[in-house]
Structures are given as C-alpha cells and as structure tokens.
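# An overview of the molecular structure
The residues making up each chain are set out below.
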Amino acid sequence: KDLRFKDWSRAIDQSVVALQLEPNFAHAHYSKGIAHYERSHPQAVNSQGSRDVEDARLHLLKALSINAAAFPRAEFIIAELAIKEMDYAQAEQRLKSYLTRKDNTRENIQSAERLLKQAAFCRQLIENPVLYEPRNLGPAINSPGEEYMPNVTADEGMLFYTARRDGNMGGW
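### Focus on the nonpolar core
- Grouped together as the largest cluster of nonpolar side chains are 14 residues, with contacts concentrated most on Tyr30, Leu60, Phe71, Ala74, Ile77 and Leu81.
- Filtering out sequence-adjacent residues up to four positions away, Ile77 remains in contact with Ile34, Tyr37 and Leu60.
- In this structure, Ala91, Tyr98, Leu115 and Leu116 belong to the second largest nonpolar core, which totals 11 residues.

Structure, rendered in structure tokens:
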C-alpha cells in the first residue's frame, strides 16, 4: 500500500517487519528493493544515496532468486542501478536477460533496448578511450569561466559546449 502512495521510508519499515516474520517472503524483498530504488534518487525525501542503491540491488536480487517469474521489472531496475554505478557490463547482462522475457510490453522492450544500447556504448567508451588535448580557441570562443563537454556537429560546422560564466543563468 505504501508503495502506491510513494511513502518509501514507511514501505521499507513495513518490509523489514514482514521479512523478520518470513525471511524468504519474495514480495517483501521486492517491495523493499523498489522503495530503496525510488528513495535512491537525489531528489527523493530521506534519500540515502549509494546505501539505497546497494539495498535496492540486494533485495531485488533476493526477490528474483526466490521467484524470478513474479517480478519481471526487477531485472530492468537492477540494470538501471548498475548504470548508476557505471557497471555497464552488468547492466548489459541484466537487460539482455530482461529482453528474453515473454511478458514484456512493447514500451518496456523499447526502453530496455534503448538502455542496452546506451550501456554498450558507455562500456565501449571506457574500454577504448579517445585521448585528446583540449585547446583554447581564443577570446571569441573561450572565457575565463568553466567550459566543458564540447560537441561538434556531424558536418563540423558548429561547436556546442557547456559554459559557466558569471551572471549567466543558463539557456541558449
């Protein structure tokens, strides 16, 4: 019930009580994992960050080990947690497993395929880094402020980058 109302801390507390009574109660592990996952987002109330991520993974894995068929979304969420921690190989493995399920909706399949491509791309970037030497392009482009994440369009006609400058509130 508390999961529906997004009261993550209360859902965690109730799952703890259920697990004290029955340590292999798969649904309680799943509920606790989901609550920790939702609470792991930085904007969540009472977020405990990396501790919530670890607890979410632990309880979702336990739920899957007890009854994988009952919790189809757990593999996807574990993959998201792996990406959050830059474990792209683990994310790929979980997403491939998730995509083998017969009960996925078209939307879930598309989300998983998109995330799988992103995880594979990130893993390849880490395995094959591209070294470059940044250059100051002069006062017409660069400023004394922080500038980073340069991107050149495919036709090499435009350069986009992120800059932090005094008095700038963002925007285009």
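That covers the picture; the talk isn't over yet.
### Quick word on helix α1 (residues 8-21)
- With 14 residues, α1 ought to run about 20 Å at 1.5 Å a step, and its terminal C-alpha atoms sit 20 Å apart, in line with that.
- Where α1 is buried, its residues meet α2 (26-39) and α3 (50-67).

### Section: unusual backbone geometry
- For Met149, which is not glycine, the phi dihedral falls at a positive 55 degrees.
- Mapped onto the elements of the fold, Met149 is located in strand β1 (residues 146-152).
- Positive phi values are uncommon outside glycine, yet Glu156 reaches one of about 60 degrees.

### Things to note about the packing of α2 against helix α4 (residues 73-84)
- Relative to each other, α2 and α4 sit at 35 degrees, their axes nearing to 11 Å. Between α2 and α4 lies a crossing of left-handed hand. Along its contact with α2, which presents Tyr30, Ile34 and Tyr37, the element α4 presents Arg73, Ala74, Ile77, Glu80 and Leu81.
- When the residues that make up the contact of α2 with α4 are grouped by side-chain class, the tally is six nonpolar, no polar and two charged.

### Description of the pairing of strand β2 (residues 159-164)
- Two elements, β1 and β2, share five bridges in a ladder whose sense is antiparallel. Within β2, the residue paired with Glu147 across the bridge is Ala163.
- Hairpin connection between β1 and β2: a loop of six residues separates the two successive antiparallel strands, and Glu156 in this loop has a positive phi of roughly 60 degrees.

### Thoughts on a nonpolar patch on the surface
- Together, Leu137, Ile141, Val152 and Leu159 line one region of the surface with nonpolar side chains, adding up to about 310 Å² of accessible area.
- Mapping Val152 onto the fold places it in strand β1.
- Of the residues examined, Val152 reaches a relative accessible area of 52% and is grouped as exposed.

### Here's the deal with the packing of α4 against helix α5 (residues 88-99)
- One can describe the packing of α4 onto α5 by two numbers: an axis separation of 8 Å at closest approach and a directional angle of 165 degrees. It follows from the interaxial angle that α4 and α5 lie roughly antiparallel. The hand of the α4/α5 crossing is left-handed. In this structure, α4 contributes Arg73, Glu75, Phe76, Ile78, Ala79, Ala82 and Ile83 to the contact, and α5 contributes Tyr88, Gln90, Ala91, Arg94, Leu95, Ser97 and Tyr98.
- Residue composition of the contact of α4 with α5, by class: nine nonpolar, two polar and three charged.

Here is what the cut-offs are and how they apply
- Going along each chain's sequence as written, the residues are numbered from 1 onward.
- Local features in a predicted model are, by the rule used here, given only for residues with pLDDT of at least 70; side-chain atom pairs are given and counted only at 80 or more, and totals for whole chains, interfaces and linings are based on all residues.
- With hydrogens and water set aside, each side-chain value is computed from the structure's full complement of heavy atoms.
- Only buried Ala, Val, Leu, Ile, Met, Phe, Trp, Tyr and Cys residues count toward a nonpolar core, and they belong to the same one when joined by side-chain atoms within 4.5 Å.
- Partly exposed residues are those whose accessible area sits between 20% and 50% of the maximum for their type, while under 20% is buried and over 50% is exposed, using a 1.4 Å probe and protein chains only.
- Residue contacts are defined here by distance: any two heavy atoms, one from each residue, within 4.5 Å place the two residues in contact.
- Numbered from the N terminus, helices here are DSSP runs of H or I no shorter than four residues, and strands are runs of E no shorter than two.
- Expected span of a helix, by definition, is 1.5 Å for each gap between consecutive residues, and there is one gap fewer than residues.
- To obtain an axis, a line is fitted to C-alpha atoms, over the contacting stretch when the element is a helix, and the angle between two such axes runs from 0 to 180 degrees between their N-to-C directions.
- Note on convention: the crossing is left-handed when the near helix lies turned anticlockwise from the far helix by less than a right angle, right-handed when the turn is clockwise.
- Charged residues are taken to be Asp, Glu, Lys and Arg, nonpolar residues to be Ala, Val, Leu, Ile, Met, Phe, Trp, Tyr, Cys and Pro, and polar residues to be all remaining types, Gly included.
- Criterion used throughout: strands pair if DSSP finds at least two bridges between them.
- Patch membership needs two things, relative accessible area over 30% and no salt bridge, and members are linked within 9 Å if like-charged or within 5 Å if nonpolar (Val, Leu, Ile, Met, Phe, Trp, Tyr).
- Here the Shrake-Rupley method, with its probe set to 1.4 Å, supplies the accessible areas, and only the displayed protein chains count as covering residues.
- In what follows, salt bridge is the name for a side-chain nitrogen of Lys or Arg lying within 4 Å of a carboxyl oxygen of Asp or Glu.
- Here roughly perpendicular refers to angles of 65 to 115 degrees, roughly parallel to angles under 35, roughly antiparallel to angles over 145, and oblique to all remaining angles.

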